Amino acid sequence: MPGAPAAPPGPRTSPTSGTGTTSGTSRTHSAGPGTGAAPASPADAPPAPATVWPGSPQPLGARFHTGPDGTPGTNFALWAGGAESVEVCLFADDGTETRAPLTELTHEVWHGFLPGVRPGQRYGLRVDGRWDPWTGARWNPAKLLLDPYARAVDGGFTMVPEVYGHARDWPEQDVADTVRDNRDSAPYVPKGVVVEDDDDWQDDRRPKTPWSDTVIYELHVRGFTRRHPDVPPELRGSYAGLAHPAAIAHLTRLGVTAVELLPVHQFADEEHLLRRGLHNYWGYNSIGYFAPHAGYSASGSRGGQVGEFKRMVRALHAAGIEVILDVVYNHTAEGGQGGPTLSLRGIDNRGYYRLGPDPRGYSDYTGCGNTLNVVQPHVLRLITDSLRYWVTEMGVDGFRFDLAAALARSLHDVDMLSPFLAVIAQDPVLRRVKLIAEPWDVGDGGYQVGAFPPLWTEWNDRFRDTVRDFWRGATGDVRDLGYRLSGSSDLYDWGGRRPYASVNYVTAHDGFTLRDLVSYNGKHNAANGEDGRDGTDDNRSWNCGAEGGTDDPDVLALRHRQLRNLLATLLLSTGVPMLVAGDEMGRTQGGNNNAYCQDNETGWVDWSLREDPCWAALLDLAARLIALRHAHPVLRRGGFFSGLSLAPEGLRDVTWFGPDGREMAEEDWFAPSATLGMLLSGRDIPQRDARGEPVVDDSFLLIVHADHRPLEFTLPGPPWASGYEVVLDTAEDGTPGQLVADGTAGQPAADGTDGRLVAGGRPVTISARSVRLLRVRPESG
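Residues numbered from 1 in each chain as written. Predicted model: local features only at pLDDT ≥ 70, side-chain atom pairs only at ≥ 80, totals over all residues. Heavy atoms only, no water.

Okay, the packing of helix H10 (residues 461–471) against helix H14 (residues 553–571) next. In the contact formed by H10 and H14, the axes pass within 11 Å of each other and the chain directions differ by 145°. Note that H10 runs across H14; the crossing there is right-handed. The segment H10 lies against H14, with Phe463, Val467 and Trp471 engaging Gln562, Asn565, Leu566, Thr569 and Leu570. Classifying every residue of the contact of H10 with H14 gives five nonpolar, three polar and no charged. (Axes fitted to C-alpha atoms, helices over the stretch in contact; angles between N-to-C directions. Helix = DSSP H or I, 4+ residues; strand = E, 2+ residues; numbered from the N terminus. Left-handed = near helix turned anticlockwise from the far one by under 90°. Contact = heavy atoms within 4.5 Å. Nonpolar A, V, L, I, M, F, W, Y, C, P; charged D, E, K, R; others polar.)

Here is the structure:
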């Protein structure tokens, strides 16, 4: 009772269970939600077990194939190192459960072949063993568990008390996690689905876009097409919706080469969201590392989601677009010490998770309650098996690893020689695909930007912060900006890494949209129901004079100019640029900088913006900048700048200029400034083409000016150039032939310039807060 001293360590069970045994005997229930499942009783015997043949310990999971004597069936194999017994539970459509004990144990893998079990069969696992939370042992056979290798999942989690391995409603909450709950969870949890392997990808052609040519577009499978008017209603928000020609047409028009999909592994909602009537929209709460999230399937959840995902990948590949998955292998949806028992916790809690000094709890390097113990061979195998599966059988082209520093920890510290990174580096499948690290976690020493080894590319938050600060006037000089524009050599020029080790971004799913970045000084997250505690306060944003929506024409004009500045800076910088879906046409989340639970119009792309002329102009600018990048290798270099020329008569590969038209000296980098000129020599690119010939391109002068006043900038004359052609000026709003500050005008030309010619060595007026890109006239060389 409340206030009574806790019992000494040892098995304890909820008084509602009716038994203190550890047998896990439970009643067969019909599937369906509810909150009052009958307590287990020793008299309740399970149905007669199914026929089980010995089967094989390899491969793990449920694999349909032809067994002995040509008999079709499914082999089940599960690593459960410390378990005492494992049962496969087969479910009929009416919810009737039939159990099949796996009696074969080979190298800690329980296995058996079930003849007659075919694709489409729903199943779960019950694993028995000691209940001793004080040592981290949390086996509870009353809890139906999802197979970690399940390739499809049917149904969702209902977060009722029955899905918790412990008595979460125990009166003494400080010891509630030590009291075992024997109520059956089967009616309230999803089931794995046996899937047939029937696709060899022989008709697929991967784009294999080089890193230096890559432009990434981060999108949410559901949110991207949920409001798309040209996608059939029944396909919106699905894998099939993303594969629809209308969706792909936008991607090809924009010119991106890869989509980075927010998590598509099967995931679960957190209980605190369900209590508020919300859902985990982003999906960073994985529970099935082999299963495409069934909620994004227009083909049903009995295996149809697998084929639909594959067809989506094929359609994107046919359009020349690679598929990168955002993957969450650092933690699972089972949460912390008081979390539900859904899969790994019930299979072998001590074997899968990093336990804390008190084994009742967990080492949490993720902020999500638990951390997978990647130094354990079977955990490392789970992750690498999953990665290889998505490459070889699902067709994906790469991965972005959420909180990758947590995966790179050895015993405690982040270690760039850790087992995870070592295994990836030598794997013949994985080392060939695109690997992107989110190079931090929330633990001590977790910030590792620039530290990942060769082969890895990283999200570069230093680029994000520098560019945001520069355009809001929060930098005192241009030193850091110079590094970011030229590929962040201060972070990545070591160990043979290249500029494309840096994924440059100004916005991502986590934070403000691009439009909100110039419209809000602070977050507006009331809809999340967390009283403003969620979401960062370090937005580095500027609302341009008014918070949120406004009719002030001057504020609106400034915001649009800032959007053009941010897009131009991102897409003209050396490295791999990443855009967020909808930013190219002014998507807003109303100032919400943490829309992880907004599965509604706040989180979905608003396609009506394409019909608004001012936002359509922004989309045109984004497409034009990407096309310019694709056309000119000098804008997407594969090697770092040296500041030297390749030949005696050549120019430096990059030359930096101040407003006076002189080369910047060392002291100029430390002087207060909001203006920087960067001249890229197209004759001095340290690359060769496929035939071994030198890569030669045009030369460009990029001028970025963040001050609120116009500036006279003297264009460099000979030997750099005798004249220039204006390619881009963000002071313009996209209207052809518009006059700009220096009085020149012209119509866009077929070669990408706008027709204006400017002599070298003369001053021109650079408008307040603007970017100008000029191409050196060919005869100037």
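So much for the structure itself; the text now carries on.
Along the chain, Trp471 turns up in helix H10. When the C-alpha positions of Trp471 and Trp542 are compared, they lie 8.9 Å apart, and in sequence the two are 71 residues distant. In contact with Trp471, other than residues within four places in its own chain, are Gln562, Asn565, Leu566, Thr569, Val704, His705, Ala706, Arg769, Ser770 and Val771.

What follows concerns unusual backbone geometry. With an omega of -10°, the peptide bond between Gln58 and Pro59 qualifies as cis. Among the secondary structure elements, Pro59 is positioned in the segment before strand E1 (61–66). Going from Pro718 to Pro719, the amide bond is cis rather than trans, its omega being 10°. Mapped onto the elements, Pro719 comes out in the loop between strand E25 (711–714) and strand E26 (723–729). Its identity as a non-glycine residue notwithstanding, Leu403 has a phi of 45°, on the positive side. Positive phi, normally seen in glycine, also occurs at Arg769, with a value near 45°.

With 171 residues, the main nonpolar core has Phe399 and Phe401 as its most contacted residues. The element contributing the most residues to this core is helix H15 (residues 613–631), with nine residues. Apart from residues lying up to four places away in sequence, Phe399 is in contact with Ile324, Leu325, Val327, Leu387, Trp390, Val391, Val433, Lys434, Leu435 and Ile436. Ile216, Leu491, Tyr505 and Met578 belong to the second-largest nonpolar core, a separate cluster that totals 18 residues. (Core = buried A, V, L, I, M, F, W, Y, C linked by side-chain atoms within 4.5 Å. Buried < 20%, exposed > 50% of the residue type's maximum accessible area, 1.4 Å probe, protein only.)

Read across the sheet, four strands follow the order E1-E2-E6-E5 without closing on themselves; strand pairing throughout is antiparallel. Only two strands of the sheet have a single neighbouring strand rather than two, namely E1 and strand E5 (104–106). Taken over all neighbouring pairs, the strand axes of this sheet differ in orientation by 25° on average, direction set aside. (Pairing = 2+ DSSP bridges.)

To continue, consider the pairing of strand E7 (residues 122–128). Across the seven residues that make up E7, a large majority, seven, are buried. Here E7 shows no split at all, with Arg122, Gly124, Arg126 and Asp128 on one side and Tyr123, Leu125 and Val127 on the other all buried. Inspection of the sheet shows strand E3 (residues 85–91) paired to E7 by seven bridges, in the antiparallel sense. When the bridges of E7 are listed, Leu90 appears paired with Tyr123.

This brings us to the confidence of the model for the protein. Across the protein, the average pLDDT comes to 90, with 90% of residues at or above 70. Residue range residues 735–752 is modelled with pLDDT below 50. Its contacts to residues more than four positions away, or to other chains, number 32 contacts. (pLDDT = per-residue confidence, 0-100.)

A word on the sheet that holds strand E18 (residues 434–437). With respect to topology, eight strands assemble into a closed barrel ordered E12-E13-E16-E17-E18-E19-E20-E21, the strand pairing being parallel. Adjacent strand axes in the sheet meet at a mean angle of 30°, parallel and antiparallel pairs treated alike. Sheet topology places E18 next to strand E19 (residues 457–460); two bridges connect them, and they run parallel. Looking at the pairing, Ala437 lines up with Glu458 of E19. Sitting on the sheet, helix H5 (residues 304–318) touches strand E13 (258–261) and strand E16 (322–327), and the angle it makes with E16 is about 135°. Along the sheet face, H10 touches E19 and strand E20 (502–504) and points at about 30° away from the line of E19.

On to the pattern of salt bridges. For side chains bearing opposite charge, pairing can occur when the charged atoms are close. Enumeration over the complete set of coordinates arrives at 55 salt bridges. In this structure, Asp707 engages Arg709 in a salt bridge whose closest nitrogen and oxygen atoms are separated by 2.8 Å. A relative accessible area of 19% means that Asp707 is categorised as buried. (Salt bridge = Lys/Arg side-chain N within 4 Å of Asp/Glu carboxyl O.)

Over the atoms rolls a probe the size of a water molecule, and in doing so it shows where empty space is left. Scanning all chains against the criterion turns up six cavities of 30 Å³ or more. In this structure, the largest cavity spans a volume of roughly 140 Å³. Lining the largest cavity are 16 residues, and of these His220, Tyr281, Val580, Arg587 and Gly603 lie nearest its centre. Of all the secondary-structure elements, those providing two or more residues to the lining of the largest cavity are strand E12 (216–219) and helix H1 (221–225). Of the residues contributing to the lining of the largest cavity, the split by class is nine nonpolar, five polar and two charged. Reported here for the second largest cavity is a volume of approximately 80 Å³. Every residue along the wall of the second largest cavity is listed here: Val467, Arg468, Trp471, Arg472, Leu517, Val518, Arg540, Ser541, Trp542, Gln562 and Leu566. Looking at the lining of the second largest cavity, the elements that each hand over two or more residues are H10 and H14. If one sorts the elements of the lining of the second largest cavity by residue count, H10 sits on top with three residues. Here the residues of the lining of the second largest cavity sort into six nonpolar, two polar and three charged. (1 Å grid on protein atoms, 1.4 Å probe; cavity = no way out; pocket = protein on both sides within 12 Å on 5 of 7 lines; lining within 4 Å. Points joined across faces, edges and corners; volume = space filled by probe spheres on them.)

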